[in-house]
Every structure is written in structure tokens, then in C-alpha cells.
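Understanding the architecture of this molecule
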Amino acid sequence: MIEEVIVSKQNPVIGLATGSTPIGAYNELVDRYKRKQLDFSKVTSFNLDEYYGLDPSNHQSYRYFMDSNLFNHINISKEKTHVPNGLVNNPNGYGREYDELIEEHGGIDIQLLGIGRNGHIAFNEPADELRLSTHLVDLTEDTIEANSRFFESKEEVPTKAITMGMGTILKAKKIVLMAEGEQKAKIMADLISKDQISTKLPASFLRLHRDFTIVLDSKAAKYL
Ligand code: PGA
């Protein structure tokens, strides 16, 4: 699906995610580039989120993740890759600028997403209300716990992040949510089998989108 967008658009804009789930897709994109099957020279990318307070050179930053898992291995020019800047002083003003920049590029053609075991997408955590635009957010205890596997200790996990909002994500023309492993089985069953949307399950809003695809492995599909 990503390849289809890249080959069919003049100026493809792809929305990218971090975490363990998309790594297989990124490896596949790198392989296709190396086999000269796929050219990224016209591609612009926007990432979903970044930890607040982490320098891009920090090995736990999402900028570092994207460079080392994808961008350094394909012919995308770094100026065309956008990951929210976790060091800005005015994150909410910056968030509006980030959304405007996406619009100026004609919007996101395909947005890749993982899902948190609590149902978050990007860092839009379950809450009474969800934000539309890119903004600063406090991470939940569950997310800090889940992400601590990438840090030396739980105390080192940043407590805030800049994330695309629900409106930013839902404006993408095509959305692909990927989930793998048994730890995602319960939330995927909730997402797929309930005839409901709820701010307590942010991913449920994706079901309002006209072009939304879910890709699961058999473990994540265990309760379906
Ligand atoms: P994961 O993270 O791919 O590492 O499971 C997904 C998420 O928290 O959105």
C-alpha cells in the first residue's frame, strides 16, 4: 500500500509511526529500495510524535529511530522528513504550524499507525476529551510502562510528548493501523467488535474514516 502511493503520486506524502510494529514494514521498504524497486526521491514524510525534551541526537528520540530504521538507508532527502521537534518552547503554537505544514504539502496520502495496548494512537491517550490538532500531551502510566523497555529504567522515560491530534490523523487520505502480538489482542477485539466510538478508545475514531485498513497478525487477532 505504501509502494502504491509512492509510485502513483507526483509528490507523495507519507505519515510514519515509531515503535516495534512498523519495523518490518520499514525493513521491507529498505529492501525494495536496495533492489531498485522503489525510489524515495520525491517522498515527503511526517511522523506522528516525539518525546518532549529529548534532543534529536538522543538514541531514544523518535527522530533517531526514524533515521536509523529507515531514512539513513533510502534515498529520501532529510529536509523532506518531518518529525515533531521535542525541544520547542511553545509546543502548542508549534503544533499548529506542524499541521499547517502538512496541509501546505497537500495532506498525508497514507498514514501508518500502531496502537497502544490502551487504545492510544500516536500519543492520543484515553481521556474524557481528545484534541484535534498537534499538541503537547502527558503520557499515561501504562504508556510509560510499555515504553520503558527502550530505556535503561522507567524513570528515564519522558513524561510528555508532542503528538499529532485526532483531527490531524483523521485528515490523512488513507490510514493503515498495524498490530501484532498477543498484548494487542484484547484492544483489537474491542476496536473491531464493538459498535461504538469512545474517547476512552482513541483508535475507535478511525472507524469513521472512509479508507481505513487494519493489518493484524494471528496473535493480535486471537479473540476475533
Ligand atoms: P509498539 O507501539 O509498536 O511498540 O507496540 C505502538 C504504540 O504504542 O502506538
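Use the structure listed above.
Just so you know, these numbers come straight off a predicted model, no measurement behind them. (Residues numbered from 1 in each chain as written. Predicted model: local features only at pLDDT ≥ 70, side-chain atom pairs only at ≥ 80, totals over all residues. Heavy atoms only, no water.)

1. Overview of the site of the ligand
- Around the ligand sit Gly19, Ser20, Thr21, Gly114, Ile115, Gly116, His120, Arg149 and Lys184, and that is every residue in its neighbourhood.
- Residue serine 20 places a main-chain N or O atom 2.9 Å away from an oxygen atom belonging to the ligand.
- Here an oxygen atom of the ligand sits 2.9 Å away from a polar atom, N or O, in the side chain of arginine 149.
- Taken by itself the ligand offers 280 Å² of open surface, and the protein chains cover 83% of this.
- Tallied by class, residues from the shell around the ligand come to one nonpolar, six polar and two charged. (Near = heavy atom within 4 Å. Polar contact = N/O pair within 3.5 Å; in protein donor to acceptor, adjacent residues only side chain to side chain. Areas by Shrake-Rupley, 256 points an atom, 1.4 Å probe, with all protein chains shown as cover. Nonpolar A, V, L, I, M, F, W, Y, C, P; charged D, E, K, R; others polar.)

2. A few points about the packing of aromatic side chains
- Using the criterion set out here, one finds seven aromatic pairs in the structure.
- Considering the side-chain rings of phenylalanine 46 and tyrosine 98, the 5.7 Å spacing of their centres and the 85° angle between planes classify their relative orientation as edge-to-face. Highlighted residues: phenylalanine 46 in strand 2 (residues 44–47) and tyrosine 98 in helix 4 (residues 91–104), separated in sequence by 52 residues. Like phenylalanine 46, the residue tyrosine 98 is buried in the burial classification.
- Connected via pairs of aromatic rings, a cluster forms that spans Tyr51, Tyr62, Phe123 and Phe151. (Phe/Tyr/Trp six-rings, centres within 6.5 Å; stacked < 30°, edge-to-face > 60°. Helix = DSSP H or I, 4+ residues; strand = E, 2+ residues; numbered from the N terminus. Buried < 20%, exposed > 50% of the residue type's maximum accessible area, 1.4 Å probe, protein only.)

3. Focus: the pattern of salt bridges
- Across all of its chains, the model carries 16 salt bridges by this definition.
- Between lysine 78 and aspartate 67 there is a salt bridge whose closest N-O contact spans 3.8 Å. One end of the pair, lysine 78, is in the loop between helix 3 (62–69) and strand 4 (81–82); the other, aspartate 67, is in helix 3, with 11 residues separating them in the sequence.
- Taking relative accessible area as the criterion, aspartate 67 reaches 15% and is therefore assigned buried. (Salt bridge = Lys/Arg side-chain N within 4 Å of Asp/Glu carboxyl O.)

4. A word on helix 4
- Over its 14 residues, helix 4 runs 20 Å from end to end, which matches the ideal 20 Å to within 8%, given 1.5 Å per residue.
- Of the positions making up helix 4, those classed as buried are Pro91, Gly93, Tyr94, Gly95, Tyr98, Asp99 and Ile102.
- Tucked into the core, helix 4 has its buried residues touching strand 2, strand 4, strand 6 (135–138), strand 7 (160–163) and helix 6 (166–170).
- Positive backbone phi, at 90°, marks glycine 106, one or two positions downstream of helix 4. (Expected span 1.5 Å × (residues − 1). Contact = heavy atoms within 4.5 Å.)

5. So, the environment of asparagine 11
- By the secondary structure assignment, asparagine 11 is in the loop between helix 1 (2–8) and strand 1 (13–16).
- Residues asparagine 11 and glycine 107 lie 96 residues apart in sequence; the distance between their C-alpha atoms is 11 Å.
- Sequence-distant contacts of asparagine 11, that is, excluding residues within four places in its chain, are made with Lys42 and Asp109.

6. A look at helix 7 (residues 185–193)
- Looking only at helix 7, the buried set comprises Ala185, Ile187, Met188, Ala189, Asp190 and Leu191.
- In this structure, the buried residues of helix 7 make contact with strand 8 (175–179) and strand 9 (212–216).

From the geometry alone we can't say anything about function, so treat these as descriptive.
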